Amino acid sequence: MAKKVTKNQDEEEESLGKFILDVVIMMAVILGVFFVLFHFVLSNDRVSGPSMQPTFEDNDRLIAVRHFTPKRNDVVVLLAPKAANDTPGAYYIKRIIGLPGDKLVSKNDKMYVNGKLLPEPYLENHFKKANNAQGQTYTTNFTYKVPKGYYWVMGDHRDISKDSHMFGPVKRQNLIGKVKFRYWPFNKIQGF
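Presented here is an overview of the structure given in this document.

What counts, and at which threshold
Residues numbered from 1 in each chain as written. Predicted model: local features only at pLDDT ≥ 70, side-chain atom pairs only at ≥ 80, totals over all residues. Heavy atoms only, no water. Salt bridge = Lys/Arg side-chain N within 4 Å of Asp/Glu carboxyl O. Helix = DSSP H or I, 4+ residues; strand = E, 2+ residues; numbered from the N terminus. 1 Å grid on protein atoms, 1.4 Å probe; cavity = no way out; pocket = protein on both sides within 12 Å on 5 of 7 lines; lining within 4 Å. Points joined across faces, edges and corners; volume = space filled by probe spheres on them. Nonpolar A, V, L, I, M, F, W, Y, C, P; charged D, E, K, R; others polar.

Right, let's get into the pattern of salt bridges. Pairing of side chains with opposite charge becomes possible as their charged atoms draw close. For the structure shown, the criterion picks out 7 salt bridges. In this structure, K18 engages D22 in a salt bridge whose closest nitrogen and oxygen atoms are separated by 3.2 Å. Placement of both K18 and D22 in helix α1 (residues 7–41) is noted, with a separation of 4 residues, approximately one turn of the helix.

Attention now moves to the layout of surface pockets. Put simply, the largest pocket is a space of about 320 Å³. Considering the residues around the largest pocket, the lining is formed by 15 residues, among which S48, G49, S51, Y91 and Y92 are closest to the centre. Ranked by the residues each element gives to the lining of the largest pocket, the list is headed by strand β4 (residues 91–98), at 4 residues. When its residues are assigned to classes, the lining of the largest pocket shows 8 nonpolar, 3 polar and 4 charged.

Laid out in structure tokens, this is it:
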């Protein structure tokens, strides 16, 4: 006995098939947009280590914008220079202190850029207070002129940060992105 297929059953099967195809296409488009967005425009990064404490803690999750004009005090993701002797391809998160051509003088926990005191409110923390209470400076004393095309970067936890005072200035092309947003942990969500 032949089974009768009604017009409504055909339409329902066609409608379900079209719906599934629409969902698959929509998901492919969304995934494609996310891939392009996070490959060319944004970067999704994780903080590893204490060098930016207390601004950022280990395992904080961040979004950075890849195309930006570097400015003083920007928090950036950078490709670790070879002089850092780290794993090839390692990324660091640091703060830009010196721009190309700047003369930097760090003396007695004060940073001077081209002869002017640089306000650094992000350094007023318990780590610095503990160092100062022990009679130690939080930031190494140095004088440096930043070459053209390079940037001087430092961590906010100055006494333990592996940064430009150890490996020198960073080339512009090694600055991967400017940190714009912390999305993890949820209780510390913040824009920068």
